[in-house]
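Observations on chain architecture
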Amino acid sequence: MRITFASLTGALLLLIVAMLVYSIVRPSKRMWPPPAQQTWQYYFVWLLTLLSFGGFIVIGLLDWNSLGWPAIVRWPVGLALIFGGNVLAWAGVRQLSMKTTSGSKGPLVTDGLYQYSRNPQYIGDIAIIGGWAIMSASVWAIPLCLGGMLAFVLTPFAEESWLEELHGDDYREYRSRVGRFFGRGCL
């Protein structure tokens with residue numbers, strides 16, 4: 001059962017990463033951000049994302065602590081990352097709006113969390129996935145979680161040409177002073 005869930009989740013992650021790479025290389029035919037809400041691209045991307053997150057959880061539970069890591073380390077570190085990641089991600093959603101977070105056009109937000117990082121929500125998502133990988137200590141879940149983290153590292157690259165097209169010089173100026181993830185000049 002673990003192998004089946006891990007294989008399915010791995011296939012979903014490969015599809016997500018391939019879709020993001022395609023969106024980076026061919027921005028005029030991108031899958032993310034979707035051309036509009038209620039399009040097949042919109043539903044496809046969100047379905048893959050939700051199924052992948054579900055896959056991480058299921059695999060982690062089915063293969064719980066197969067690495068034998070001590071609970072005294074796993075639980076505090078994992079929970080801190082999951083909790084902190086959720087706070088960061090949801091604060092970013094609140095500031096940006098759920099509709100804009102979902103890939104719809106919206107105003108360029110450059111204050112609050114977005115004055116420190118162009119992608120605080122993705123930092124939060126990466127922390128959540130990393131926290132689950134540590135907490136579950138699963139030999140099957142960790143590589144899948146790393147694939148999910150890779151997807152969240154790639155996602156901003158798929159969005160940047162769209163944001164530049166949408167916001168022009170304002171986005172270019174913002175991009176020049178605020179880092180993609182942390183500080184200026186960082187990835």
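Residues numbered from 1 in each chain as written. Predicted model: local features only at pLDDT ≥ 70, side-chain atom pairs only at ≥ 80, totals over all residues. Heavy atoms only, no water.

1. Overview of the overall build of the chain
Across its full length, the chain holds seven helices and zero strands. In sequence order, the secondary structure elements of the chain are arranged as α-α-α-α-α-α-α. Taken over C-alpha atoms, the radius of gyration comes to 17 Å for the chain, in line with the 16 Å a tight globule of 187 residues would show. The buried share of the chain, reckoned over its 187 residues, is 47%. Here the contacts in the chain between residues at least 6 apart in sequence split such that 76% fall between residues at least 24 apart. Working note: accessible area of the chain is about 9,700 Å², and carbon and sulfur atoms make up 69% of it. (Helix = DSSP H or I, 4+ residues; strand = E, 2+ residues; numbered from the N terminus. Rg over C-alpha atoms; globule rule 2.2 N^0.38 Å. Buried < 20%, exposed > 50% of the residue type's maximum accessible area, 1.4 Å probe, protein only. Contact = heavy atoms within 4.5 Å. Areas by Shrake-Rupley, 256 points an atom, 1.4 Å probe, with all protein chains shown as cover.)

2. Things to note about the packing of aromatic side chains
Taken as a whole and assessed by the stated rule, the structure comprises nine aromatic pairs. Considering the side-chain rings of Y42 and Y43, the 5.2 Å spacing of their centres and the 85° angle between planes classify their relative orientation as edge-to-face. On the basis of an interplanar angle of 55° and a centroid distance of 5.7 Å, the ring pair of F53 and F56 is categorised as tilted. Residue F53 and its partner F56 are located together in helix α2 (residues 40-62), separated by three residues, close to a single helical turn. F56 sits in the buried class, given a relative accessible area of 4%. Pairwise contacts between aromatic rings join F53, F56, Y122 and F152 into one cluster. (Phe/Tyr/Trp six-rings, centres within 6.5 Å; stacked < 30°, edge-to-face > 60°.)

3. Some words on the pattern of salt bridges
Opposite charge on two side chains permits pairing when their charged atoms draw close. For the structure on display, the rule yields seven salt bridges. Across the pair E164 and R172 runs a salt bridge whose closest N-O atoms are separated by 2.8 Å. D169 is the salt-bridge partner of R172, the closest N and O atoms lying 2.6 Å from each other. Of this pair, R172 and D169 are both found in helix α7 (residues 169-177), three residues apart, which corresponds to roughly one turn of the helix. Each of E164, D169, R172 and R175 takes part in a single network of salt bridges with overlapping partners. (Salt bridge = Lys/Arg side-chain N within 4 Å of Asp/Glu carboxyl O.)

4. Re the nonpolar core
Core analysis: the biggest nonpolar cluster contains 29 residues, and M19, L20 and F56 have the highest contact counts within it. Elements represented by at least two residues in this core include exactly α1 (2-25), α2, α5 (120-136) and α6 (141-167). Leave out the neighbours within four places in its chain, and M19 touches M31, W32 and V45. (Core = buried A, V, L, I, M, F, W, Y, C linked by side-chain atoms within 4.5 Å.)

5. Some details on the environment of V77
Structurally, V77 can be placed in helix α3 (residues 71-96). Sequence separation between V77 and T101 is 24 residues; the distance between their C-alpha atoms is 27 Å.

6. A short note on the packing of α2 against α5
Where α2 meets α5, the axes come as close as 9 Å, and the angle between the chain directions of the two elements is 15°. The angle between the axes of α2 and α5 places the two elements in the roughly parallel class. The crossing of α2 and α5 is left-handed. Two secondary-structure elements touch here, α2 through F53, F56, I57, G60 and L61 and α5 through I128, I129, W132 and S136. In terms of residue class, the contact of α2 with α5 is made up of seven nonpolar, two polar and no charged. (Axes fitted to C-alpha atoms, helices over the stretch in contact; angles between N-to-C directions. Parallel < 35°, antiparallel > 145°, perpendicular 65-115°, else oblique. Left-handed = near helix turned anticlockwise from the far one by under 90°. Nonpolar A, V, L, I, M, F, W, Y, C, P; charged D, E, K, R; others polar.)

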